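Now for the letters of each chain:
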Amino acid sequence: MEVTTKSSQQAKYKRYHMVLISCLFIGTSFLTQFFYVSGELRGVFNHYMLTSALFGVPPYLLEKGISPHTQGMQNTGWDGQFYFYISNDPLDQLATSKNIDAPAYRYQRIGMPLVAFMFSRILILDWVPPWLFYLTNFLFILLALVLLADHLAKAGISPYWSLLWGIGVGTQLTLSRGLPDAFADAMLIVGLIMFFRNRIALSVVAILFSALSREIYLVIPLLIWAHQNYFLFKKTNLRRVLFSKINLYLLVPMIFFAWQSWLKVHFGQSASQAALSGGILDLVPLRTWFKMFLGSYRGGHPLGDSYEWKLLLSFVALYLATLFSVLNYLRRKNFLGEKLWALNFAFLPIIGLYACFGQTVMHHYSGYFKAITIFYVIVLFNLNFVCQKLRKWALFVLLVSALLPFRIQFAMARSYPGSAFYEYGAYFDNEVRKKNQECLKPKFEYRLVSKSLFNKLPWTERLLGRPNSYLLTIEVINHDRLKIDKVDENGKALFQFVRKDDKGNIIEKGSPVVLQKPILGSSLFNIEMPVQTLWDDKNLAISFSQIGCEKEIIEELKVD
């Protein structure tokens, strides 16, 4: 009776932790999506995949109310739009490929779109609405998180470490943008845990959808199959090997390559041919990472001085922790036949590949974080089988690598002071609107009214030379007698902070401030603009420009 009571208490205690972990994931995901939709998307949830006018929305989805989020020939949107389109037309029967940048490559990642399509038919819907596309991703990530937490708890590790993956930047980023990467990770986690529990059939199905969502994961079932059959052959005989359940893993590459063959026939191009582009890989491991890291700190980063150094530091910390953990486990000969040894063995080529990410992947956190977040899971799987000293060190590295970029979760929503003045992307097409448009030539005078601190950085970043951010309040005097009313979407008027060197050359420009209402003749008004660099009071100016017009008018900023 006493044993039963104790067991019941333990089960209740375990359920409490699982519920709490689930609530933390649900709350984080909700807040991230809420700030993202209410901020960057101006409240339109259907735009969360970042559809673009450049590629266009398939006609049958236009009829359902799906519209482009970004406009213009320079605004491509994000990859999530393509996978959303595919979920509504898995076999390209409605010519959806006309609205996809690289059809063979995108259709290769059919996993999540196919599951969303099946859910829509189960719910008797004639299409996959954006909310169902999001919910599909969300539910499978939640399932994988709970299974991962349970697996860690049974291995003697706190289940809360599973949140490193569940609420990590890579997982939340792909969930909020409709990308398939987090779904691929989730299905891989489910498949691996089923493998550890000897539920081979379920493991094969999960890993199949993982490989159909992120093609690099195809190596995992292949190497697990090779490893397990090798040790089975050493212990028994060839006949046992031929009829082993582990051979079910061969279904994954068979179905994967059958799908690849269909893509080749249908599109006349293989997925690998469609994916070839410059900058994806670098032959020298971590060379691009080092270049981007120094470039971000010294000002030579492709995106400018974008604080990417912190995120790149997080990437390499997690990468090295995973590499060290895997190599440390693989060298232990007494574990050679274990299933966890098979997993580490299978992950070696993935770890090697990720060290060779090129500029296309490494120049922005959205490229490498969605790929590397799975490394948290691999290290956590290993922690119960390595020495206590390494476990504490590894957990510390994992925690630091997760906290460094954590503020990105909500920064994605652009929810900072002055954000109302900033237009996401560009909702206008410069080339088209140069035609039939009157370009303004106003006579403005600018005077600095105040400068206030609105984003004070922690002392650790200031110690490294990072500046705080300021909000400038600038008085604008319009010396023209005529009213300036060309501020509709056909000709947005922008003000922009400018800093010059002693020779008069422009060395810095701030974020653009969009004129919100017409300017009356001979009037005075204030604008606010954020700046991210400390500066003195010399050689400052304000630029006035109009979308669709080449003329930029730069006037001195007077500082009293």
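None of the values given here were measured: they were computed from a predicted structure.

1. A closer look at the overall build of the protein
Now for step 1: Across its full length, the protein carries 24 helices and eight strands.
Now for step 2: Total accessible area on the protein is roughly 26,600 Å²; 61% of this is exposed by carbon and sulfur atoms.

2. A short note on a nonpolar patch on the surface
Now for step 1: Taken together, the side chains of Phe30, Leu31, Phe34 and Phe35 present a nonpolar region at the surface, about 390 Å² in accessible area.
Now for step 2: Its place among the elements puts Phe35 in helix H1 (residues 2–38).

3. Here we look at helix H20 (residues 374–382)
Now for step 1: For H20, the buried fraction is high: nine of the nine residues fall into the buried class.
Now for step 2: For H20, the full list of buried residues reads Ile374, Phe375, Tyr376, Val377, Ile378, Val379, Leu380, Phe381 and Asn382.

4. Side note on the pattern of salt bridges
Two side chains bearing opposite charge may form a pair once their charged atoms approach each other closely.
Now for step 1: Throughout the structure, instances matching the rule amount to ten salt bridges.
Now for step 2: The closest approach of N and O atoms between Glu215 and Arg109, which form a salt bridge, is 2.9 Å. On the criterion of sequence distance, the pair formed by Glu215 in the loop between helix H10 (200–211) and helix H11 (219–235) and Arg109 in the loop between helix H4 (103–108) and helix H5 (111–122) is long-range, its members being 106 residues apart.
Now for step 3: Exposure remark for Glu215: the relative accessible area of 23% places this residue in the partly exposed category.
Now for step 4: Salt-bridge contacts for Asp181 lead to Lys370; the nearest nitrogen and oxygen are separated by 3.7 Å. Of this pair, Asp181 sits in helix H9 (residues 181–196) while Lys370 sits in helix H19 (residues 365–372), and the two are 189 residues apart along the sequence. Across the pair, Lys370 and Asp181 agree in class, each one buried.

5. Notes on H10
Given 3.6 residues per helical turn, the α-helix brings residues three or four places apart onto the same face.
Now for step 1: Spanning twelve residues, H10 covers 16 Å between terminal C-alpha atoms, matching the ideal 16 Å at 1.5 Å per step.
Now for step 2: With respect to burial, H10 is a largely interior element, nine of its twelve residues being buried.
Now for step 3: Inspection of H10 places Ile200, Ser203, Val204, Ala206, Ile207, Leu208, Phe209, Ser210 and Ala211 among the buried residues, and these make up the whole buried set.
Now for step 4: In the core, the buried residues of H10 are packed alongside H5, H9, H11 and helix H13 (251–267).

6. Regarding the confidence of the model for the protein
Now for step 1: Of the residues in the protein, 76% reach a pLDDT of 70 or more, and the chain-wide mean stands at 80.
Now for step 2: pLDDT under 50 marks residues 413–436. Its contacts with residues more than four places away, or in other chains, come to 51 contacts.

7. What to know about the packing of helix H6 (residues 130–154) against H9
Now for step 1: For the pair H6 and H9, interaxial distance at closest approach is 9 Å and the crossing angle is 35°. Crossing of H6 over H9 shows left-handed handedness. Between H6, through Asn137, Phe140, Ile141, Leu143, Ala144, Leu147, Leu148 and His151, and H9, the contact on the second element is made entirely by Ala182, Phe183, Ala186, Met187, Ile189, Val190, Ile193, Met194 and Phe196.
Now for step 2: Counted by class, the contact of H6 with H9 contains 15 nonpolar, two polar and no charged residues.

8. A few points about the nonpolar core
In a soluble, globular protein the nonpolar side chains are often hidden away together inside.
Now for step 1: Among the nonpolar cores identified, the biggest contains 125 residues, and Phe133, Ile220, Phe347, Tyr368 and Phe375 are the most heavily contacted of them.
Now for step 2: Dropping the residues within four chain positions of it, Phe347 is found in contact with Leu188, Ile220, Ile374, Phe375 and Ile378.
Now for step 3: Counting 19 residues, the second largest nonpolar core, distinct from the first, contains Ile474, Leu540, Phe544 and Leu557.

9. Some remarks on the packing of aromatic side chains
Now for step 1: Per the stated rule, a full pass over the model turns up 32 aromatic pairs.
Now for step 2: An aromatic cluster of at least three residues, connected via ring pairs, comprises Phe315, Tyr319, Phe347, Tyr354, Phe357, Tyr368, Phe369 and Phe375.
Now for step 3: Sitting over the face of the ring of Tyr36, Arg177 holds its NZ or CZ atom 4.0 Å from the ring centroid.
Now for step 4: Directly above the ring of Trp78 sits Arg177, whose terminal nitrogen or CZ lies 5.1 Å from the centroid.

10. Comments concerning the environment of Ala321
Now for step 1: Relative to the elements of secondary structure, Ala321 occurs in helix H16 (residues 308–330).
Now for step 2: Judged by relative accessible area, Ala321 falls into the buried class, the value being 2%.
Now for step 3: Not counting residues within four places of it along the chain, the set of residues in contact with Ala321 comprises Val379 and Val397.

11. A look at the pairing of strand E3 (residues 493–500)
Now for step 1: Here E3 lies mainly inside the structure; six of its eight residues are buried.
Now for step 2: Here seven bridges tie E3 to strand E7 (residues 540–546), and the two strands are oriented antiparallel to one another. Paired with Val498 across the strands is Ala541, a residue of E7.
Now for step 3: As defined by bridge partners, E3 adjoins strand E4 (residues 506–509) across three bridges and the pair is classed as antiparallel. Bridging across to E4, Arg499 finds its partner in Glu508.

12. Concerning unusual backbone geometry
Now for step 1: A positive phi is found at Leu50, a non-glycine position, where the angle reads about 60°.
Now for step 2: Among the structural elements, Leu50 can be located in the loop between H1 and helix H2 (59–62).
Now for step 3: For Leu50, a relative accessible area of 0% corresponds to the buried category.
Now for step 4: One non-glycine residue, Leu286, lies in positive phi territory at about 65°.

13. Details of the side chain of His227
Now for step 1: Among the secondary structure elements, His227 is positioned in helix H11.
Now for step 2: By relative accessible area, His227 is classed as buried at 4%.
Now for step 3: With residues near it in sequence (within four places) discarded, His227 still touches Leu336, Gly337, Glu338, Trp341, Ala342 and Phe345.

14. Comments concerning the environment of Leu250
Now for step 1: Mapped onto the elements of the fold, Leu250 is located in the loop between helix H12 (238–242) and H13.
Now for step 2: Residue classification places Leu250 among the partly exposed positions, given a relative accessible area of 28%.
Now for step 3: Considered as a pair, Leu250 and Val204 are 46 residues apart in the sequence and their alpha carbons are 8.8 Å apart.

15. Here we look at the side chain of Ser314
Now for step 1: For Ser314, the location among the structural elements is in helix H16.
Now for step 2: In this structure Ser314 comes out as buried when scored by relative accessible area, which is 1%.
Now for step 3: If near-sequence neighbours (up to four positions away) are discounted, Ser314 is found in contact with Phe369, Ser401, Ala402, Leu404 and Pro405.

16. Considerations on the environment of Pro253
Now for step 1: Relative to the elements of secondary structure, Pro253 occurs in helix H13.
Now for step 2: Taking the C-alpha atoms as reference points, Pro253 and Leu208, separated by 45 residues in sequence, lie 8.2 Å from one another.
Now for step 3: Ignoring anything within four residues of it in the chain, the contact list for Pro253 reads Leu218 and Leu222.

Basis of the calculations
Residues numbered from 1 in each chain as written. Predicted model: local features only at pLDDT ≥ 70, side-chain atom pairs only at ≥ 80, totals over all residues. Heavy atoms only, no water. Helix = DSSP H or I, 4+ residues; strand = E, 2+ residues; numbered from the N terminus. Areas by Shrake-Rupley, 256 points an atom, 1.4 Å probe, with all protein chains shown as cover. Patch = residues over 30% accessible without salt bridge, like charges linked within 9 Å, V, L, I, M, F, W, Y side chains within 5 Å. Salt bridge = Lys/Arg side-chain N within 4 Å of Asp/Glu carboxyl O. Buried < 20%, exposed > 50% of the residue type's maximum accessible area, 1.4 Å probe, protein only. Expected span 1.5 Å × (residues − 1). Contact = heavy atoms within 4.5 Å. pLDDT = per-residue confidence, 0-100. Axes fitted to C-alpha atoms, helices over the stretch in contact; angles between N-to-C directions. Left-handed = near helix turned anticlockwise from the far one by under 90°. Nonpolar A, V, L, I, M, F, W, Y, C, P; charged D, E, K, R; others polar. Core = buried A, V, L, I, M, F, W, Y, C linked by side-chain atoms within 4.5 Å. Phe/Tyr/Trp six-rings, centres within 6.5 Å; stacked < 30°, edge-to-face > 60°. Lys NZ or Arg CZ within 6 Å of the ring centre and 35° of its normal. Pairing = 2+ DSSP bridges.

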